[in-house]
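Report on the structure
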Amino acid sequence: MAAERVGRANELAAAGSGPVVDLAAPAQIAAELDLERWLAKGMTAGDLAGFIDAYLARAIHLPHPRALAHQVAVPNVGAAVADLVHGAINNPMAIYEMGPGAATVELAVTNWMLTHIGWRPQPLDGSGDGRHGGGVLTHGGSLANLTALLAARAAAAPQAWDSGTPHDLIVLAPPSSHYSIARAASILGLGSRAIWPLFTDDRDVLVAEAVAEAIDAACADGRRPLAVVVNAPSTATGLHDPVRAVAEICRERGVWLHVDAAHGAAALLSSRERAHLDGIDLADSVTWDAHKMLRTSGLCAAVLFRDTRSFDIAFRQEASYLFYGEPDFGLDLITRTVECTKAGLGLKVYLALALDGEAALAAYVEDRYAATRRFAEQIATRPGFEVAYSPESNILCFRYGRDDDLQVALRRRLLRTGSFHLSSATIAGSRYLRMTVMSPQTSEDDIAAVLDEITDTAVP
Ligand SMILES: *Cc1c(COP(=O)(O)O)cnc(C)c1O
């Protein structure tokens, strides 16, 4: 019953019917959903249908062709089925015996990712060594980034787990890196001031040549770079930092390279688009969000290491009720995660691959990347509009006029009517409107409509 209603809502949204999102204040929504009543008097199965409809009426509809704001997947059927299965059986599979099927599926999925990066998959029994890569799924890319930097810290300063983070450690990252990198530095006890900004060009893309200088300057200053972080691509612009050139510099100087490919790793599936990630196999760690371009629901992300032993140094733990000696059957993934209880995330990716096929996921990435390039040309030909760069993914920044405040005001006005949902970002200090083309339905007609509405709305 609920599945039917959700399915219908998604179909209507994909057809472009109704608003992308119908915003209202919480008090109004609480009244519409009768929240107090159902808590006080309980809900029957008959009441549930009406409640779900009211709930869906206040949902944001991601399949809508005019939902263009954020990098959040329109989930595929495999992911939805996996959520249903997990929701019903609740296998917290980080301990192998608490979900042996889920744990094995997760290893198969992270192996599939490792292979796409160009790394050797891990033996399913956890017996990997320096020749094997390793991976684990996490509840989000932010946690994957934290885990990667934790391993990098352990590689640079093995004593840090017990003695705390040495004060000479720094992380080199472009200012365009995701905010979770700065958060991770603070959480790890480095402090956000230990993030040294790498030089970027006028599109906020990292300049590879400056990385060598930055590492040398840091060392001359008595600091130890524990990692260099690059974007593949950057969240704000969807532009890729030059992975291979930076990887070669890091190799030469023995500095850990983390590639934050949360958004873009799915392009590895495409022979046409994978060149953006050229050199990713030279990195030490990679973040890959399935809940962006692999079309799973949130949350489902991966942290992947070139050397599976990175997990052994990243985490040490004691809990007498969980950790007691060698596993009898399979690897306890809990030794690789910040989380203790963890959902069977692997099934979401696995079922998508099994039901739709890898070729369909690759075609989705190619199709949305290509559409975004066409939209950029379309926007550039409209008087008054300007695109900030040629897109390298399905993220595009553009603006109407050059006034920073106008871009923010336009976004707000469109969102209030619910007709379009755009986001906004700054590039080299200037404000832009930002679109992320996630819905498979978004077409030139939708882009023409948004440009019309912006032009109309901009008239004070
Ligand atoms: C989305 C994103 C993240 C954060 O991932 P979450 O899954 O939202 O925690 C990190 N880095 C980059 C480059 C991203 O695009």
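**Topic: the packing of helix H5 (residues 77-89) against helix H14 (residues 346-355)**
In the contact formed by H5 and H14, the axes pass within 7 Å of each other and the chain directions differ by 140°. When the axis of H5 is compared with that of H14, the two are oblique. Both H5 and H14 take part in a crossing whose hand is right-handed. Counted together, Gly78, Ala79, Val81, Ala82, Asp83 and Val85 of H5 and Leu347, Lys348, Leu351, Ala352 and Leu355 of H14 form the full contact between these two elements.

**A look at the site of the ligand**
Taken together, 14 residues are adjacent to the ligand, and Gly141, Ser142, Asp260, Asp289 and Lys292 come closest. In the environment of the ligand, an oxygen atom lies 3.0 Å from a nitrogen or oxygen atom belonging to the side chain of lysine 292. Bound to the protein, the ligand loses 87% of the 380 Å² it would expose on its own. At the level of secondary structure, the elements contributing two or more residues to the shell around the ligand comprise helix H7 (141-156) and helix H12 (290-293). Looking at which element gives the most residues to the shell around the ligand, the answer is H7, with three residues. Its residues assigned to classes, the shell around the ligand shows two nonpolar, nine polar and three charged.

**A look at the pairing of strand E5 (residues 257-260)**
Consecutive residues of a regular strand have side chains that alternate between opposite faces of the sheet. Burial along E5 is two-sided: Leu257 and Val259 facing one way and His258 and Asp260 facing the other are all buried. Here three bridges tie E5 to strand E6 (residues 285-289), and the two strands are oriented parallel to one another. In the sheet register, valine 259 faces E6, and the bridge partner there is valine 286.

**A short note on the sheet that holds E6**
Taken in spatial order, the seven strands line up as E1-E7-E6-E5-E4-E2-E3 in an open sheet, and their pairing is mixed. The sheet is open, and its two borders are formed by strand E1 (134-138) and strand E3 (195-197), each paired with just one other strand. Taken pair by pair, the neighbouring strands of this sheet meet at an average axis angle of 20°, ignoring direction. Across the face of the sheet, helix H9 (residues 179-187) comes into contact with strand E2 (169-173), E3, strand E4 (224-231) and E5 while running at roughly 145° to E3.

**Notes on the nonpolar core**
Across soluble globular proteins, nonpolar side chains have a tendency to be buried as a group. In terms of nonpolar packing, the biggest core is built from 92 residues, with Val228, Val259 and Leu294 touching the most fellow members. Counting 30 residues, the second largest nonpolar core, distinct from the first, contains Tyr389, Phe398, Leu410 and Ala425.

**Notes on the packing of aromatic side chains**
Inspection of the entire model under this criterion finds seven aromatic pairs. Centre to centre, the rings of tryptophan 256 and phenylalanine 305 are 6.1 Å apart; their planes meet at 75°, and the pair counts as edge-to-face. Of this pair, tryptophan 256 sits in the loop between helix H11 (243-253) and E5 while phenylalanine 305 sits in strand E7 (residues 301-305), and the two are 49 residues apart along the sequence. When the centroid spacing of 6.5 Å and the interplanar angle of 35° are considered together, the rings of phenylalanine 385 and phenylalanine 398 count as tilted.

Cut-off values and rules
Residues numbered from 1 in each chain as written. Predicted model: local features only at pLDDT ≥ 70, side-chain atom pairs only at ≥ 80, totals over all residues. Heavy atoms only, no water. Axes fitted to C-alpha atoms, helices over the stretch in contact; angles between N-to-C directions. Helix = DSSP H or I, 4+ residues; strand = E, 2+ residues; numbered from the N terminus. Parallel < 35°, antiparallel > 145°, perpendicular 65-115°, else oblique. Left-handed = near helix turned anticlockwise from the far one by under 90°. Contact = heavy atoms within 4.5 Å. Near = heavy atom within 4 Å. Polar contact = N/O pair within 3.5 Å; in protein donor to acceptor, adjacent residues only side chain to side chain. Areas by Shrake-Rupley, 256 points an atom, 1.4 Å probe, with all protein chains shown as cover. Nonpolar A, V, L, I, M, F, W, Y, C, P; charged D, E, K, R; others polar. Buried < 20%, exposed > 50% of the residue type's maximum accessible area, 1.4 Å probe, protein only. Pairing = 2+ DSSP bridges. Core = buried A, V, L, I, M, F, W, Y, C linked by side-chain atoms within 4.5 Å. Phe/Tyr/Trp six-rings, centres within 6.5 Å; stacked < 30°, edge-to-face > 60°.

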